[in-house]
Amino acid sequence: MERMSTEYNRLKAIHPDSIILFDTEKGYELFGQDIEVGKKILNLDTNHFAPELMEDYLFMLVKSGKHIIINDEIDVYETKLNSKQEAHNPIDNTDMPRKKKEKTPQEELVKTTKSAVDETTPKEKKSESQSATQGEAAERKPREPQMVTVNGDKVTHGHAYQSKTNPEDWYFTAKINGEQLKPQKMDPADLVAYKEKELTVPQLMERYYPTKLMPRVPDVAYQVANVLPGPGGNLTIDKFNVYKETDETRADYGKYKFYAQVGDKKMSTTASREDLNAYFDRVATPGQLVERNFGDRLHLQSHYEQFRLPEGIDPKGIRVAKDKEDGKWKVSADLGEGRGRTSRQELSFDDGYSLFKTKTATREQIAAKYLTEEISTKLAAPLSMEKSASMKM
Amino acid sequence: MAKLEYDELVQLLQDGTIGFLRFMLESDNAESYLEWCELHGIEPSEESAEFYYDETEIDMMERQLIDDEDYGIWN
């Protein structure tokens with residue numbers, strides 16, 4: 001129990017939003033505040049459940065937007081820490097990927113669904129063949145991991161190097177489980193800090209490859225159609241993928257975009273680098289990516305819940321009204337005594353629809369979506385002399 | 001058909017003789033790419049191959065620099 005508590009606290013400190021499942025003799029066990037989540041989402045009466053329920057429960061947790069970490073080798077991990085032999089295992093050792101401190105659900109599922117005869121994954125096979133072709137020299141030069149990710153992936157060869165074509169540019173790169181990561185251009189300040197040993201490889205990994213370090217979502221999230229609660233009932237995501245815009249006449253030509261088909265709605269939008277990485281590394285479910293990128297078009301309540309007005313703004317001062325001059329719906333907010341009103345920002349069709357028709361957005365959320373930046377700037381600025389004087393009078 | 005060398009593949013891709021899907025399927029990363037597609041619940045396609053290529057491919061010159069352990073800063 002003490003070990004579980006220590007491990008729980010350690011993992012929660014790194015991944016506060018993840019649910020941690022401990023593989024124990026009782027089955028899968030929840031700990032701490034996760035027990036409440038189990039009661040709420042899985043309808044559990046106790047703090048554990050049988051292994052055969054794992055797949056269904058994983059699906060339920062993923063559907064509810066939770067990240068999951070499975071920890072099944074506390075004892076092994078603690079033994080490893082004390083084992084000199086284990087600590088000096090070469091990174092290219094082909095059985096390394098199986099010795100994981102923390103397993104992700106998808107790894108667990110892959111293990112249960114793949115042939116028992118051949119448990120070696122294609123990546124492992126590839127590593128084997130690559131190691132073989134690289135000869136014995138590589139085997140003689142074992143390299144300890146610089147860090148182990150929450151998914152159990154081993155990071156090695158993390159280092160900075162200077163571009164030969166553009167000597168002013170420096171790049172950071174590393175290998176994960178022996179696979180070379182695409183180099184990322186470094187911020188000059190990071191380079192200086194790294195040279196001075198003020199930044200470590202794990203810190204640079206966090207900065208340049210954040211999604212490689214996040215817990216991956218279970219396989220099921222990408223194998224079955226995701227469902228989102230919509231304004232008129234559940235919405236099924238029938239298709240979700242990424243593509244590059246090829247229409248040269250468009251402003252977003254050459255950019256990567258997400259495509260989603262939800263019921264009879266077919267939508268696409270330019271994808272952020274952060275979301276593209278999340279998709280590539282499977283650290284967000286298609287449902288979460290649809291929610292983030294198409295939430296307004298689908299009028300999802302969950303989309304609008306992310307918008308909150310800064311402290312100190314009275315909701316009564318928010319005005320959503322049709323502009324007499326151009327007939328468009330606009331939102332503005334009163335910033336309180338001495339600060340006046342914000343500018344009036346035009347609402348998109350979808351946001352207006354969510355506010356007036358489906359009622360999945362509130363006036364406060366709409367104001368927060370359009371005005372937060374302006375409100376924050378104005379609240380941070382000192383009151384003008386004229387306004388201060390008028391207040392005193 | 002004989003397996004094409006990486007340089008030849010790059011040349012054919014740049015010429016437009018082959019697309020990203022053919023490139024990925026002929027390259028040493030074919031298995032990784034196919035596994036990635038399977039895990040993402042998608043069929044291999046020109047679009048997904050291009051995305052995978054952009055996320056992972058490192059040109060040969062760059063690779064030589066990266067592999068040179070006497071070059072760069074190793075803390």
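All values derive from a computational prediction rather than experimental measurement. (Residues numbered from 1 in each chain as written. Chains lettered and ligands numbered in written order. Predicted model: local features only at pLDDT ≥ 70, side-chain atom pairs only at ≥ 80, totals over all residues.)

1. Observations regarding the overall build of chain A
Looking only at helices and strands, chain A features 18 helices and 16 strands. By the burial criterion, 32% of the 393 residues in chain A qualify as buried. Here the analysis covers contacts within chain A between residues at least 6 apart in sequence; of these, 57% occur between residues at least 24 apart. (Helix = DSSP H or I, 4+ residues; strand = E, 2+ residues; numbered from the N terminus. Buried ≥ 20, exposed ≤ 12 C-beta atoms within 10 Å, placed from the backbone. Contact = placed C-beta atoms within 7 Å.)

2. As for the pairing of strand β13 (residues 265–270) of chain A
The sheet contact formed by strand β12 (residues 256–262) of chain A and β13(A) spans 6 bridges and is antiparallel. Residue pairing for β13(A): A:Val262 is matched across the bridge by A:Lys265. (Pairing = 2+ DSSP bridges.)

3. Quick look at the pairing of strand β4 (residues 67–71) of chain A
Residues and elements named next belong to chain A. The buried count for β4 comes to 5 of 5 residues, which makes it a mostly enclosed element. Residues His-67, Ile-69 and Asn-71 line one face of β4 and the alternating positions Ile-68 and Ile-70 line the opposite face, and both faces are buried. Pairing analysis gives 5 bridges linking strand β1 (residues 18–24) to β4, with the strands arranged parallel. Its bridge partner lying in β4, Ser-18 is registered against His-67.

4. Re the sheet that holds strand β10 (residues 227–230) of chain A
All names here are of chain A. Strand order in the open sheet made by the 4 strands is β10-β11-β12-β13, with antiparallel pairing throughout. Unpaired on one side and paired on the other, β10 and β13 mark the two borders of the sheet. The mean inter-strand angle of the sheet, taken between neighbouring strand axes irrespective of direction, is 35°. Both strand β11 (residues 233–244) and β12 contribute to a ladder of 7 bridges, which runs antiparallel. (Axes fitted to C-alpha atoms, helices over the stretch in contact; angles between N-to-C directions.)

5. Thoughts on the interface of chain A and chain B
Across the boundary between the two partners, chain A contributes 26 residues, which contact 21 residues of chain B. Counting only elements with at least two residues in the side of chain A that touches chain B, the list comes to α7 (122–134), β6 (154–162), α9 (188–195), α12 (220–223) and β11 of chain A. The class makeup of the residues in the side of chain A that touches chain B is 11 nonpolar, 6 polar and 9 charged. (Nonpolar A, V, L, I, M, F, W, Y, C, P; charged D, E, K, R; others polar.)

6. Digging into the sheet that holds strand β16 (residues 345–346) of chain A
Residues and elements named next belong to chain A. Strand order in the open sheet formed by 3 strands is β14-β15-β16, with antiparallel pairing between adjacent strands. Each having just a single partner strand, β14 (318–322) and β16 make up the two edges of the open sheet. Bridge count for β14 against strand β15 (residues 329–333) is 5 bridges, and the pairing is antiparallel. Looking at β15, one finds that Ile-318 is bridged to Ala-333. Helix-sheet contacts for helix α17 (residues 363–380) involve β14, β15 and β16, and the interaxial angle to β15 is about 65°.

7. Some remarks on the confidence of the model for chain A
Residues shown with low pLDDT carry predicted positions that ought not to be read at fine detail. All names here are of chain A. Predicted confidence across chain A gives a mean pLDDT of 81, with 79% of residues reaching 70 or more. Low pLDDT, under 50, characterises residues 75–138; the predicted model gives this stretch 69 contacts beyond four residues in sequence or across chains. Under a pLDDT of 50 for its full length, residues 388–393 has, in the predicted model, 4 contacts with residues more than four places off or in other chains. (pLDDT = per-residue confidence, 0-100.)

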